[in-house]
Amino acid sequence: MPIDVRTYLGNLVGSNAKSREEADCIYKEYQRLREDYLAGKLGKSILASMQEIRAYLEKNRIRERDSLPNVEDMILLTLAERICDSVKRP
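Predicted model only: the values in this text are computed from it and were never measured.

**Q** Would you mind going over unusual backbone geometry with me for this structure?
**A** In most cases, non-glycine residues show a negative phi, while peptide bonds are predominantly trans. Of note, the phi angle at Asn 16 is positive, near 65°, even though the residue is not glycine. Within the element layout of this structure, Asn 16 appears in the loop between helix H1 (5-14) and helix H2 (20-39).

**Q** Would you explain helix H4 (residues 71-88) in this entry?
**A** Residue pairs spaced three or four apart in an α-helix point in one direction, given the helix's 3.6 residues per turn. Under the 1.5 Å per step criterion, the end-to-end length of H4 is 26 Å for 18 residues, consistent within 8% with the ideal 26 Å. The elements touched by buried residues of H4 are H1, H2 and helix H3 (44-59). Put simply, Asn 70 is the residue that caps the front of H4, since its side-chain oxygen is 3.2 Å from the backbone nitrogen of Glu 72.

**Q** Before we go on, may I ask you to explain the nonpolar core in this structure?
**A** It is characteristic of soluble globular proteins that their nonpolar side chains tend to be buried jointly. Counting residues in each nonpolar core, the largest one holds 22 residues, and the members touching the most others are Tyr 8, Leu 9, Tyr 30 and Leu 77. Among the secondary structure elements, those contributing two or more residues to this core are H1, H2, H3 and H4. Among the elements that line this core, the one with the most residues is H4, at seven residues. Residues within four places of Tyr 8 in sequence aside, it is in contact with Ile 3, Ser 67, Leu 68, Pro 69, Met 74 and Leu 77.

About the thresholds
- Residues numbered from 1 in each chain as written.
- Predicted model: local features only at pLDDT ≥ 70, side-chain atom pairs only at ≥ 80, totals over all residues.
- Heavy atoms only, no water.
- Helix = DSSP H or I, 4+ residues; strand = E, 2+ residues; numbered from the N terminus.
- Expected span 1.5 Å × (residues − 1).
- Contact = heavy atoms within 4.5 Å.
- Polar contact = N/O pair within 3.5 Å; in protein donor to acceptor, adjacent residues only side chain to side chain.
- Core = buried A, V, L, I, M, F, W, Y, C linked by side-chain atoms within 4.5 Å.
- Buried < 20%, exposed > 50% of the residue type's maximum accessible area, 1.4 Å probe, protein only.

All we've got here are geometric facts, nothing functional implied.
Structure, rendered in structure tokens:
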């Protein structure tokens, strides 16, 4: 069974793969993207990015595992991480 998004991010912080600030940013962006996704408010470019990420995950057989959130959440987390990375760069 896939793990919860908060648990996944907590594990990344615990393993020093992400800082608490990075994880907080990613979680906030994830929540915003998820709300917009569920409401059908995402733009065409975001939807296209989601398709690319989904294809990558399927190609590399990164499916639902116990150590990862489900595929849809992984797609939204990837987008959220990209947004946070672009914000912190000058």
